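So you can see what is in the structure, the chains are spelled out below.
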Amino acid sequence: MGAERQATGLPKEVEAILAPAVAKIGFDLEGLAVTKAGRRMLVRVLVDKDGGISLDDVAVVSKACSKALDEADATGGPFADAAYTLEVSSPGVDRPLTEPRHWRRNIGRLVAVRIGEEPVTGRVTATSERGIELEADGVRRSATYAELGPGKVQIELR
């Protein structure tokens, strides 16, 4: 495996293997990073699903990813000649809300977002195929996904 392949094509090659494996078991691949860690490659996989993920889910996804990478390596896949470490986790609350599914999974949460040029902090009350509804300062607001900048969940201490 040449250094150029690692630098440019490896993450896309790994994503092409893992995305279908993750989707097949009912999860969304939210992020993927492939980096060098000493003599090994480190493959970090972020997954999510409606309702969130548990530690048991992480184990299921980890097994599916390992199996998919092993099957690919049997036919000359990205790690056929290299050792790798696989890490699977959830994206966490600091992940920007950029996709409709991210917004849907955060109904009821307080978020900060730009609607057009205006910064707004409000609670997500509903989502649809077109956009979201927020309640900000007692006023309901609607915005399409095209109008929204990346949202950020606000941590609330109760």
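Let us look at the structure shown here.

Procedures and definitions
- Residues numbered from 1 in each chain as written.
- Predicted model: local features only at pLDDT ≥ 70, side-chain atom pairs only at ≥ 80, totals over all residues.
- Heavy atoms only, no water.
- Pairing = 2+ DSSP bridges.
- Helix = DSSP H or I, 4+ residues; strand = E, 2+ residues; numbered from the N terminus.
- Axes fitted to C-alpha atoms, helices over the stretch in contact; angles between N-to-C directions.
- Contact = heavy atoms within 4.5 Å.
- Phe/Tyr/Trp six-rings, centres within 6.5 Å; stacked < 30°, edge-to-face > 60°.
- Buried < 20%, exposed > 50% of the residue type's maximum accessible area, 1.4 Å probe, protein only.

If you trace the three strands from one edge of the open sheet to the other, you get β1-β2-β3, paired in mixed fashion. The outermost strands of the open sheet, each flanked by one partner alone, are β1 (28-37) and β3 (84-89). Taken pair by pair, the neighbouring strands of this sheet meet at an average axis angle of 15°, ignoring direction. Bridge count between strand β2 (residues 40-48) and β3: six bridges; the pairing is parallel. Its bridge partner being in β3, L46 is matched across the sheet by S89. Running at roughly 145° to β3, helix α2 (residues 55-73) makes contact with β2 and β3 of the sheet.

Applying the stated criterion to the full structure yields one aromatic pair. With a centroid separation of 4.7 Å and 35° between ring planes, the pair formed by F79 and Y84 is classed as tilted. On the basis of relative accessibility, which here comes to 18%, the residue Y84 falls in the buried class.

By themselves these figures say nothing about function.
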